[in-house]
Amino acid sequence: MYTIENELLKITINPKGAELSSIFHKQYKLEYLWQADPAYWAKKSPVLFPIVGTLKQNTYYFNNKAYHLSRHGFARDRSFIVSQQQEDAITFALTSDMESLEIYPFVFEFLIHYQLQDNRVLVTYEVVNPASEDLYFSVGGHPAFNVPLVPDTTYEDYFLQFEKTEMLNVWPITADGLIEDRPEPFLGETDALPLKKSLFYKDALVFKHLQSSRISLLSAKTEHGLEMAFEGFPFFGIWGAKDANFVCLEPWCGIADPVSTNQQLPYKEGIIKLSTQSRWKQNWQLTLF
């Protein structure tokens, strides 16, 4: 495990998957991150790369060849190395190798930067294409936050506050993990989503192109909560394991295959095309209070 900290925050990261393991506010003595009870869900904040969500039949095609990837890709199960570390910042790196090339035929370097700024955690994804061919990928976050956050409150005491009023339609997920071709009405026009565990009994709530670029986890019964800023992420998921005491706020550059997919990677919804000798960056940020 690796740790960075400043006067207010201390975070711990597991080199396996470069996964956040703890987000602790030293002044408030509060742990914000779900601590992975395996009875519900044994992860805390997996990183999704080089795909987000599920492929149809766990298969995609590139240059007339079939390849197979499991849900959310392989980065979350691979060991990253630390390429840079300071007291309040750290960078993890994963590079392509013979094993990855068998299932994902691209040369890449995938960097994850964690940095603390006062009461904020900045998470930056960086993808480098050193090869002479285009690189196709998706990337996303999957952090799970404790709900309830403080003692003497319940799950139902909390709600998600959107930055702007949204027409909250959701894109349903099939039993095979694919996205339906049409959205369904959810809450209609609103800027708040009251939390209840039954919201996630059918899987995640998936949104496309929200007006908001910030979502806060709040409760009228405590002044403590958090805000996630995710400008530049076109897709967003909200999820919780059945009856578990957490909620995942998931900024995605990428999405599961739609049911109508042709399974061709260059045409996959949400796929990012990175030109040769180029690099791509995107970040999300947490403010903890």
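So, here's what we can say about the structure. What you see is a predicted model, and the numbers here were worked out from it, not measured in a lab.

Some points on the overall build of the protein chain
Check the secondary structure of the protein chain and you find one helix and 23 strands. Its C-alpha atoms give the protein chain a radius of gyration of 19 Å, within 12% of the compact-globule value 19 Å for 289 residues. Residues classed as buried in the protein chain amount to 56% of the 289 residues present. Of the accessible surface of the protein chain, which amounts to about 12900 Å², a share of 45% is contributed by carbon and sulfur atoms. Each charge sign in the protein chain was given a centre, from 25 positive and 35 negative side chains, and these centres are 3 Å apart.

Topic: the side chain of Lys-208
Structurally, the position occupied by Lys-208 is in strand 17 (residues 205–208). For Lys-208, the side chain forms a polar contact with the side chain of Glu-269, separated by 2.9 Å. With sequence-adjacent residues up to four places away left out, Lys-208 is seen in contact with Trp-171, Pro-234, Phe-235, Ile-255 and Glu-269.

Quick word on the side chain of Ser-96
Tracing the sequence through the fold places Ser-96 in the loop between strand 9 (89–95) and helix 1 (98–103). Apart from residues lying up to four places away in sequence, Ser-96 is in contact with Phe-106, Val-107 and Phe-108.

A few points about the sheet that holds strand 11 (residues 120–129)
Across the sheet, nine strands lie side by side as 8-9-10-11-23-19-18-15-16; this open sheet has antiparallel pairing. Since the sheet does not close on itself, it has two edges, and those belong to strand 8 (81–85) and strand 16 (184–194), each with one partner. In this sheet, adjacent strand axes meet at a mean angle of 20 degrees when their direction is disregarded. Bridge analysis of strand 10 (residues 109–117) against strand 11 gives nine bridges, and the strand direction is antiparallel. For Leu-111, the partnering residue across the bridge sits in strand 11 and is Glu-126.

Quick word on the sheet that holds strand 2 (residues 9–14)
With respect to topology, four strands assemble into an open sheet ordered 1-2-3-4, the strand pairing being antiparallel. Each edge of the sheet is formed by a strand with only one pairing partner; in this case those strands are strand 1 (2–5) and strand 4 (30–31). Taken together, the two bridges between strand 3 (residues 19–25) and strand 4 define a ladder with antiparallel strand orientation. Looking across to strand 4, one finds that Phe-24 is bridged to Glu-31.

A few points about the pattern of salt bridges
Considering all chains together, one arrives at ten salt bridges under this definition. The residue Asp-203 makes a salt bridge to Arg-71 at a minimum N-O spacing of 3.8 Å. Taken together, the residues Asp-203 in the loop between strand 16 and strand 17 and Arg-71 in the loop between strand 7 (65–68) and strand 8 connect sequence positions 132 residues apart. Accessibility expressed as a relative area gives 21% for Asp-203, which makes it partly exposed. What makes Arg-71 partly exposed here is its relative accessible area of 35%. Of the charged contacts, one joins Lys-268 and Asp-257 as a salt bridge, the two residues approaching to 2.7 Å between their closest N and O atoms. Residue Lys-268 is located in the loop between strand 21 (246–253) and strand 22 (272–274), and its partner Asp-257 is located in the loop between strand 21 and strand 22; the two are separated by eleven residues in the primary sequence. With respect to burial, Lys-268 and Asp-257 carry one shared label: buried.

Things to note about the nonpolar core
Counting residues in hydrophobic clusters, the biggest one holds 75 residues, and the most contacted among them are Ile-23, Phe-110, Tyr-114, Tyr-125, Phe-137, Leu-195 and Ile-238. If one sorts the elements of this core by residue count, strand 15 (residues 158–170) sits on top with five residues. Not counting the four nearest positions on each side in its chain, Phe-110 is found in contact with Val-47, Phe-49, Ala-75, Phe-80, Phe-92, Ala-93, Leu-94, Tyr-125, Glu-126, Val-127 and Val-139. Formed by 20 residues, the second largest nonpolar core is a distinct cluster that contains Trp-34, Ala-36, Ile-173 and Ala-241.

Focus on the environment of Gly-240
On the secondary structure map, Gly-240 appears in the loop between strand 20 (235–239) and strand 21. Sequence spacing of Gly-240 and Phe-145 is 95 residues, and the spatial spacing of their C-alpha atoms is 9.6 Å. Aside from chain neighbours lying at most four places away, what touches Gly-240 is Phe-200 and Phe-246.

Observations concerning the packing of aromatic side chains
Any pair of aromatic rings gets described here by the distance separating the centres and the angle formed by the planes. Scanning all chains against the criterion turns up 23 aromatic pairs. For the pair Tyr-2 and Phe-92, a centre-to-centre distance of 5.8 Å together with 85 degrees between the ring planes defines the contact as edge-to-face. One end of the pair, Tyr-2, is in strand 1; the other, Phe-92, is in strand 9, with 90 residues separating them in the sequence. A ring pair is formed by Phe-49 and Tyr-104, whose centres lie 6.3 Å apart and whose planes are at 75 degrees; its orientation type is edge-to-face. Placement of the pair is Phe-49 in the loop between strand 5 (47–48) and strand 6 (59–62) and Tyr-104 in the loop between helix 1 and strand 10, with a sequence separation of 55 residues. For the residue pair Phe-49 and Tyr-104, the accessibility class agrees, reading buried in each case. Counting every residue linked through ring pairs, the aromatic cluster contains Phe-49, Phe-62, Phe-74, Phe-80, Tyr-104, Phe-106, Phe-108, Phe-110, Tyr-125, Tyr-136, Phe-137 and Trp-280. The side chain of Lys-208 reaches across the aromatic face of Trp-171, ending 3.7 Å from its centre. Stacked on the ring of Tyr-201, the Lys or Arg Lys-242 has its end atom at 5.2 Å from the ring centre.

Quick notes on the rules
Residues numbered from 1 in each chain as written. Predicted model: local features only at pLDDT ≥ 70, side-chain atom pairs only at ≥ 80, totals over all residues. Heavy atoms only, no water. Helix = DSSP H or I, 4+ residues; strand = E, 2+ residues; numbered from the N terminus. Rg over C-alpha atoms; globule rule 2.2 N^0.38 Å. Buried < 20%, exposed > 50% of the residue type's maximum accessible area, 1.4 Å probe, protein only. Areas by Shrake-Rupley, 256 points an atom, 1.4 Å probe, with all protein chains shown as cover. Lys, Arg positive; Asp, Glu negative; His and termini not counted. Charge placed at Lys NZ, Arg CZ, Asp CG, Glu CD. Polar contact = N/O pair within 3.5 Å; in protein donor to acceptor, adjacent residues only side chain to side chain. Contact = heavy atoms within 4.5 Å. Pairing = 2+ DSSP bridges. Axes fitted to C-alpha atoms, helices over the stretch in contact; angles between N-to-C directions. Salt bridge = Lys/Arg side-chain N within 4 Å of Asp/Glu carboxyl O. Core = buried A, V, L, I, M, F, W, Y, C linked by side-chain atoms within 4.5 Å. Phe/Tyr/Trp six-rings, centres within 6.5 Å; stacked < 30°, edge-to-face > 60°. Lys NZ or Arg CZ within 6 Å of the ring centre and 35° of its normal.

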